[in-house]
Amino acid sequence: MDINNIDAVSFVGALDRALRVLTQRRRGAELLFDDVKREFFGEVQRRADALVEKYAHVEILPGPFVSVISTDCIKKARDISKGAKYNNFGIHGTGIAVAVDSLASVRELVFEKRLVTLEELVKLLDTDFAGRPDVLAAAKAAPKMGNADARADDLAKELVAFWGHAFDGKRNDRGGIFRPGTGSAMYYIWHARDVPASADGRLKGEPLSANYAPSLDVPVKGPVSVVRSFTEPDLGPVCNGGPLTIEIHDSAFAMPDGVGKVANLVKFFIERGGHQMQINTINRDTLLDAQAHPERHRHLIVRVWGWSGYFIELDKCFQDQIIKRVEL
């Protein structure tokens, strides 16, 4: 009776809240970047604790047809909905890359280059950086996950390590644990609606990256650098899953050695400690044509977040997000 995506913590929302709390609580006081990280991790922990309280007791509808084919249900006269061998609840961590990139941007813009104060940056987030194109450009140019850049990847290691132990010692009323992960399920669309612009240069309303993947619109050096960045953290403690979602242009498979190269990429990922990868081999022009002329592409299947589906049957917000994944 594991429920692997019962809820999620928005890392982007937690960071936004942390920045606002700091500007109010420490108005005019000298701040350090460590203060930002401390407040951010504290907000992540508060949100994790709130979900433990929210799901302290969960009732599931009886499943008699599942019960009759499940081990020991008949012998124990116990419906599968009352619990089985595994009773864990999975909690996703949404927007890891956006949160990490935003932290790297705050450090560079506020504490290193001193282009803006923290108070000024928070105000700019509410206006999509209106009037300060220089700050927006600097935010987009700040270090990003996916380029094997230690300035971003070291922050990712800190965040994933903290998140992996946010539920230590917590159990649900079925005796299962709360299992953190790096996935997102549908929350990469939902959580994006709840926050303004973010310090990495993402504007209000723009979706987050799905699962464990580079932020959208981030120029990355290539798939190898993406794998390097996203296997720098220790993924052992975040075993609820969260695939590294990567897009490879379909032209890669037109080459005689294309399949072998992709196989080597997957092997490289696993050898570096990765535990789940999902690859879309798609063409942006094909996706755009499918959006405009769905009748021509009835059998086009794409990877969405943790499942695959027919592209033309997806809501437009999910179609648009998949298209944006392959724009760069």
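Look up: the structure comes first, before these words.
Residues numbered from 1 in each chain as written. Predicted model: local features only at pLDDT ≥ 70, side-chain atom pairs only at ≥ 80, totals over all residues. Heavy atoms only, no water.

(A) The arrangement of a nonpolar patch on the surface in detail. On the surface, Val 68, Ile 69 and Ile 74 cluster together to form a nonpolar patch covering roughly 360 Å² of accessible area. Of note, Ile 74 is situated in helix α4 (residues 73-76). (Patch = residues over 30% accessible without salt bridge, like charges linked within 9 Å, V, L, I, M, F, W, Y side chains within 5 Å. Areas by Shrake-Rupley, 256 points an atom, 1.4 Å probe, with all protein chains shown as cover. Salt bridge = Lys/Arg side-chain N within 4 Å of Asp/Glu carboxyl O. Helix = DSSP H or I, 4+ residues; strand = E, 2+ residues; numbered from the N terminus.)

(B) Region of the structure containing the pairing of strand β5 (residues 277-282). Pairing of strand β4 (residues 244-249) with β5, which is carried by 6 bridges, proceeds in the parallel orientation. Looking at the pairing, Thr 245 lines up with Gln 278 of β5. Between the parallel elements β4 and β5, the chain passes through helix α11 (residues 258-271) in a crossover that is right-handed. (Pairing = 2+ DSSP bridges. Right-handed = clockwise from strand over helix to strand, strands pointing away.)

(C) Here's a closer look at the environment of Val 36. Relative to the elements of secondary structure, Val 36 occurs in helix α2 (residues 33-54). The exposure class assigned to Val 36 is buried, which follows from its relative accessible area of 1%. Through-space distance from the C-alpha of Val 36 to that of Leu 19 is 7.0 Å; in sequence the pair is 17 residues apart. (Buried < 20%, exposed > 50% of the residue type's maximum accessible area, 1.4 Å probe, protein only.)

(D) Expanded view of the sheet that holds strand β2 (residues 89-94). Taken in spatial order, the 3 strands line up as β1-β2-β3 in an open sheet, and their pairing is parallel. Looking along the sheet, the strands with just one partner apiece sit at the ends: β1 (3-10) and β3 (178-180). Strand-to-strand twist across the sheet, computed as the mean angle between neighbouring axes with direction ignored, equals 30 degrees. By the bridge criterion, 5 bridges tie β1 to β2 in an arrangement that is parallel. Bridge pairing in β2 links Val 9 to Gly 93. (Axes fitted to C-alpha atoms, helices over the stretch in contact; angles between N-to-C directions.)

(E) Representation of the nonpolar core in the model. Counting residues in each nonpolar core, the largest one holds 67 residues, and the members touching the most others are Phe 11, Phe 40, Phe 129 and Trp 163. Element by element, the count of residues in this core is highest for helix α5 (residues 96-112), at 10 residues. Leave out the neighbours within four places in its chain, and Phe 40 touches Phe 11, Ala 14, Leu 15, Ala 18, Ala 99, Leu 103 and Leu 159. In terms of nonpolar packing, the next biggest core, distinct from the first, is built from 25 residues, Val 12, Tyr 187, Val 302 and Trp 305 among them. (Core = buried A, V, L, I, M, F, W, Y, C linked by side-chain atoms within 4.5 Å. Contact = heavy atoms within 4.5 Å.)

(F) Main features of the pattern of salt bridges. Enumeration according to the criterion identifies 26 salt bridges in this entry. The partner of Glu 39 in a salt bridge is Arg 25, with the nearest N and O atoms 2.9 Å apart. You can see Glu 39 sitting in helix α2 and its partner Arg 25 sitting in helix α1 (residues 11-25), a full 14 residues away along the chain. Given the relative accessible area of 10%, Glu 39 is considered buried. On the accessibility criterion, Arg 25 (55% relative accessible area) is exposed. One salt bridge in this structure joins Arg 151 and Asp 149, with 2.7 Å as the shortest N-O distance. The exposure class assigned to Arg 151 is partly exposed, which follows from its relative accessible area of 47%. Accessibility expressed as a relative area gives 16% for Asp 149, which makes it buried. If you follow the salt bridges from partner to partner, you end up with Arg 25, Glu 39, Glu 43, Arg 46 and Arg 47 in one network.

(G) A look at helix α10 (residues 223-230). Buried within α10 we find Ser 225, Val 226, Val 227, Ser 229 and Phe 230. Next to the buried residues of α10 lie α5, α8 (150-164), β4, α11 and β5.

(H) Looking closely at empty space enclosed by the protein. Scanning all chains against the criterion turns up 1 cavity of 30 Å³ or more. Here the largest cavity is characterised by a volume of approximately 70 Å³. Taken together, Val 12, Leu 15, Asp 16, Leu 19, Ser 102, Leu 125, Val 195, Pro 196, Ala 197, Ser 198 and Ala 199 form the lining of the largest cavity. No other element matches α1, which puts 4 residues into the lining of the largest cavity. Here the residues of the lining of the largest cavity sort into 8 nonpolar, 2 polar and 1 charged. (1 Å grid on protein atoms, 1.4 Å probe; cavity = no way out; pocket = protein on both sides within 12 Å on 5 of 7 lines; lining within 4 Å. Points joined across faces, edges and corners; volume = space filled by probe spheres on them. Nonpolar A, V, L, I, M, F, W, Y, C, P; charged D, E, K, R; others polar.)

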